[in-house]
Amino acid sequence: MSTSTQDKNDDLVQSVAGVTSDDQTNAAERRAKGEFVRGISTARNWISGEQGAMFPPAKDRYHLYVAYNCPWCHRVLLGRAIMGLEDVITVDVCFPNRSNEDEPRGPNLWKFCPEGQTSPMNTGAFIKFDECTDDTVNGKRYIKEIYELAGIDDQKSVPILFDKQTKTVVSNESAEILRMMGTVLKPLASRPVDLYPAEVAAEIDHLNDWIYKEIANGSYKAGFSSNQETYETAYKTFFAALQKLDEEVLSKSAFLAGDHVTEADIRLFPALFRFDPIYYSRFKLNQSFLWEYPNVWKWMSRMMNLEGMEPVSNAAYLRHCKQGYFGRTGNGTVPVGPLGYPECYKSPSPPFAKQS
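Here the structure is a predicted model, which is why all the values come from computation and not from measurement. (Residues numbered from 1 in each chain as written. Predicted model: local features only at pLDDT ≥ 70, side-chain atom pairs only at ≥ 80, totals over all residues. Heavy atoms only, no water.)

A. Spotlight on the pattern of salt bridges. Evaluation of the coordinates by the stated rule reveals 13 salt bridges. Linking Asp60 and Lys164 is a salt bridge whose minimum nitrogen-to-oxygen distance equals 2.9 Å. In this pair, Asp60 sits in the loop between helix H2 (27-32) and strand E1 (62-66) while Lys164 sits in the loop between strand E5 (160-163) and strand E6 (168-171), placing the two residues 104 residues apart along the sequence. Residue Arg141 pairs with Glu115 through a salt bridge whose shortest N-O separation is 3.0 Å. Of this pair, Arg141 sits in the loop between strand E4 (126-127) and helix H4 (143-149) while Glu115 is found in the loop between strand E2 (89-93) and strand E3 (117-118), placing the two residues 26 residues apart along the sequence. (Salt bridge = Lys/Arg side-chain N within 4 Å of Asp/Glu carboxyl O. Helix = DSSP H or I, 4+ residues; strand = E, 2+ residues; numbered from the N terminus.)

Right, here's the structure in full:
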């Protein structure tokens, strides 16, 4: 392959990975009317193998800041786990609930709290997660302080891909971090899965587009919009997309873009992992359960049984998710059930579905 052709391919890999096709027009006005409109990531650097690149691929140079309950963080942790990049990229894990009103930096900030805390909502309940860590790289308490360290004032989100050598945020766009894992960091992986094969790249991009709009971010439009019409539209769109997945996509192949896992599968998984235990009730997406879509359920089983998946799809991981969604809404109580999750996802036949 010529250098010019390779450069064009590299440009394609970068240009479509994290570009949202969701409508961003009049975002402030729409939010004021109760519609959920997701913000845009602004730290968008790229790891590159080109000579003299500011961020070259390297082992133990890059670090992830994540929260397990965040589905966008889940994307990058899945990519890291499936490819076997644990020894290449280090990780710190935030507490699943954000800061309170009485904290020094104010409310609604991702923070490091491995010691646990007493819930200000669910009075008297002490909450602690063994998987949560301190900031082992910069010694900060809040994610916003890591952005400030890097000279970025307008961001406070996770995930962050951080360069330990230059003390700089490489990227906070999860789709692009995942794309870097599947391309430029692939030679460093212990399981170098081809997450973005050239022969199905266009299909993956197409899948990513509608899955993001209708399922991944679509679930948030239903769950976080206070506008009834917006909620109902997102509700109908979400379940139409699930039916499309079941009848038109996963009825024909083991994974979304063929017989092997790709980036598209990883980007879909976080929403469906959360669906029955969380989104069904918390986001009012209560038309049906995931086990009512047989081909989607079989796909979940294939995903859950991939090598490397267990630490990023086990019961402890789901506990973070439930705390993050339920533990800061309503009265702060977290549902005990539903029983059997996420273990039941591993079986191609849901063990509790009623037989006709």
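And the narrative resumes.
B. Examining helix H10 (residues 315-326) more closely. The end-to-end C-alpha distance of H10, which contains 12 residues, comes to 16 Å, matching closely the 16 Å that a straight helix rising 1.5 Å per residue would cover. For H10, a buried count of 9 out of 12 residues is recorded, marking the element as mostly surrounded by other parts of the structure. Turning to H10, its buried residues number three or more, namely Tyr317, Leu318, His320, Cys321, Lys322, Gln323, Gly324, Tyr325 and Phe326. Against the buried residues of H10 lie helix H3 (71-83), E2, E4, helix H6 (201-224) and helix H8 (263-282). Sitting at the amino-terminal end of H10 is Asn314, which places a side-chain oxygen 3.3 Å from the backbone nitrogen of Ala316. (Expected span 1.5 Å × (residues − 1). Buried < 20%, exposed > 50% of the residue type's maximum accessible area, 1.4 Å probe, protein only. Contact = heavy atoms within 4.5 Å. Polar contact = N/O pair within 3.5 Å; in protein donor to acceptor, adjacent residues only side chain to side chain.)

C. Local environment of the pairing of E1. Burial analysis of E1 places 5 of its 5 residues in the buried class, the great majority of the element. Neither face of E1 is exposed, since Tyr62, Leu64 and Val66 on one face and His63 and Tyr65 on the opposite face are all buried. Sheet topology places E1 next to E2; 5 bridges connect them, and they run parallel. Paired with Val66 across the two strands is Val93, which belongs to E2. A crossover connection joins E1 to the parallel E2 through H3; in handedness this β-α-β unit is right-handed. Two elements, E1 and E5, share 4 bridges in a ladder whose sense is antiparallel. Looking across to E5, one finds that His63 is bridged to Phe162. (Pairing = 2+ DSSP bridges. Right-handed = clockwise from strand over helix to strand, strands pointing away.)

D. Summary view of the packing of H8 against H10. Their axes nearest at 10 Å, the elements H8 and H10 cross at an angle of 15°. When the axes of H8 and H10 are compared, the pair comes out roughly parallel. Between H8 and H10 lies a crossing whose hand is right-handed. The residues of H10 that touch H8, namely those facing Phe273, Arg274, Pro277, Ile278, Tyr279, Ser281 and Arg282, are Tyr317, Leu318, Cys321, Lys322, Tyr325 and Phe326. Its residues assigned to classes, the contact of H8 with H10 comprises 9 nonpolar, 1 polar and 3 charged. (Axes fitted to C-alpha atoms, helices over the stretch in contact; angles between N-to-C directions. Parallel < 35°, antiparallel > 145°, perpendicular 65-115°, else oblique. Left-handed = near helix turned anticlockwise from the far one by under 90°. Nonpolar A, V, L, I, M, F, W, Y, C, P; charged D, E, K, R; others polar.)

E. Spotlight on the packing of aromatic side chains. If you walk through the whole model with that rule in mind, you get 28 aromatic pairs. Between Phe224 and Phe283 the ring centres are 5.1 Å apart and the planes differ by 70°, which places this aromatic pair in the edge-to-face class. Taken together, the residues span a long stretch of sequence, with Phe224 in helix H6 and Phe283 in the loop between H8 and helix H9 (294-304) at a distance of 59 residues. Of the residues examined, Phe283 reaches a relative accessible area of 0% and is grouped as buried. An aromatic cluster is defined as three or more aromatic residues linked by ring pairs; in this entry it consists of Tyr68, Phe269, Phe273, Trp297, Trp299, Tyr317, Tyr341 and Tyr345. If you follow Lys244 out to its NZ or CZ, it ends over the ring of Trp210, 4.1 Å from the centre. (Phe/Tyr/Trp six-rings, centres within 6.5 Å; stacked < 30°, edge-to-face > 60°. Lys NZ or Arg CZ within 6 Å of the ring centre and 35° of its normal.)

F. Looking closely at the packing of H6 against H8. Two numbers describe how H6 lies on H8: the axes approach to 10 Å, and their chain directions differ by 20°. Taken together, the axes of H6 and H8 lie roughly parallel to each other. The handedness of the crossing between H6 and H8 comes out as left-handed. Of the residues in H8, those in contact with Ile204, Leu207, Asn208, Ile211, Tyr212, Ile215, Ala216, Ser219, Tyr220, Gly223 and Phe224 of H6 are Glu263, Ala264, Arg267, Leu268, Ala271, Leu272, Tyr279 and Arg282. Here the contact of H6 with H8 is composed, by residue class, of 13 nonpolar, 3 polar and 3 charged.

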